[in-house]
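# Notes for the structure review
Listed below, chain by chain, are the residues.
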Amino acid sequence: MAEYSGIVLFIVSFYATLNYYRLYSVDRKIVHFCLGTTAVFLAIIGISDLLATFFPVLDPFFIDEWATVFAVSFLLSAAAALIRDFKPVFSRFPRILTFLPMILIFIYPLIIDTVVVKLWAVGLYQGSALLISLLIFSYKANHNSTYGYILVGVLFFLVAFILFWLPRSVFTMPAYAWELLTACGILIITVGSNQVYNMEDAILDEQSRRETWFT
């Protein structure tokens, strides 16, 4: 079951990668670039065991660990980009600051041997990105139901996050359950992002027609 769920995660993440990079090529939004890059590393996690099978020299644990570090770093950067886009244009912080969460990639080698610290660091990144996404998309979904697609996907991630971090004495989450929940969340958010992009594009097109009505 774990092998098939990993393949499902790879396929969905690969689709999300192509989709978000396509959106980024059109609108140049940092959030789309960061989400696309996050999906790249989630796809790697999905097939890490298969890579180790075909290339025995590779260590699946090493691949999983570092792919997770890169994934959560870009995920929190995407959340920072969401905050920036949510602000009025005149009060937005510089774009370069949205990549501040990348600092984890550089300090991770310093904490890689401290099991508790590195787990808390990854968990803090995941939890922060989830909290920011929940707040922003709950607000947006309340004003426009199209954002509800993304909110539902975030809720899938929230369930996976809570179940994963529960004490083992309470609940033990099998790997395939985490991968399937994550794949569902990715797919729903990706579809929702397309819906939001089409909606925003239609609004901009309508505004453009109004502005050029008398020209």
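These lines cover the structure that appears in this document, whether it is placed above or below. (Residues numbered from 1 in each chain as written. Predicted model: local features only at pLDDT ≥ 70, side-chain atom pairs only at ≥ 80, totals over all residues. Heavy atoms only, no water.)

## As for unusual backbone geometry
Rules: Counting from the N terminus, the helices are the DSSP runs of H or I reaching at least four residues and the strands are the DSSP runs of E reaching at least two.
For Arg28, which is not glycine, the phi torsion reads 55° and is therefore positive. Assignment of secondary structure puts Arg28 in the loop between α1 (2-27) and α2 (30-46).

## Observations concerning the side chain of Ser5
Quick reminder of the rule: Here a polar contact is taken to be a pair of N or O atoms separated by no more than 3.5 Å, where protein atoms must pair a possible hydrogen donor with a possible acceptor and residues adjacent in sequence count only if both atoms sit in side chains. Note on contacts: a residue pair qualifies if any of its non-hydrogen atoms lie within 4.5 Å across the two residues.
Within the secondary structure, Ser5 sits in helix α1. Of the polar contacts made by the side chain of Ser5, one reaches the side chain of Glu179; its length is 2.5 Å. Leave out the neighbours within four places in its chain, and Ser5 touches Tyr176, Glu179 and Leu180.

## Some words on the packing of aromatic side chains
Convention followed: Two aromatic rings from Phe, Tyr or Trp, using only the six-membered ring of Trp, form a pair when their centres are within 6.5 Å; if the ring planes differ by under 30 degrees the pair is stacked, by over 60 it is edge-to-face, and anything between is tilted. Categorising residues by exposure relies on relative accessible area from a 1.4 Å probe, with only protein chains included: less than 20% of the type maximum marks a residue as buried, more than 50% marks it as exposed, and the intermediate range marks it as partly exposed.
A full pass over the atoms with the stated rule returns 12 aromatic pairs. Relative to Phe74, the ring of Phe33 has its centre 6.4 Å away and its plane inclined at 70°; by these criteria the two rings are edge-to-face. Here Phe74 lies in helix α4 (residues 60-86) and Phe33 lies in helix α2, a separation of 41 residues in the sequence. Here Phe74 falls in the buried class, since its relative accessible area comes to 12%. Note on Phe41 and Phe74: the rings are 6.3 Å apart at their centroids and 20° apart in plane angle, and the pair reads as stacked. Residue Phe41 is found in helix α2, and its partner Phe74 is found in helix α4; the two are separated by 33 residues along the sequence. Here the two residues Phe41 and Phe74 agree in accessibility, since each one is buried. Among the aromatic residues, those joined into a cluster by ring pairs are Tyr21, Tyr24, Phe33, Phe41, Trp66, Phe70, Phe74 and Tyr108.

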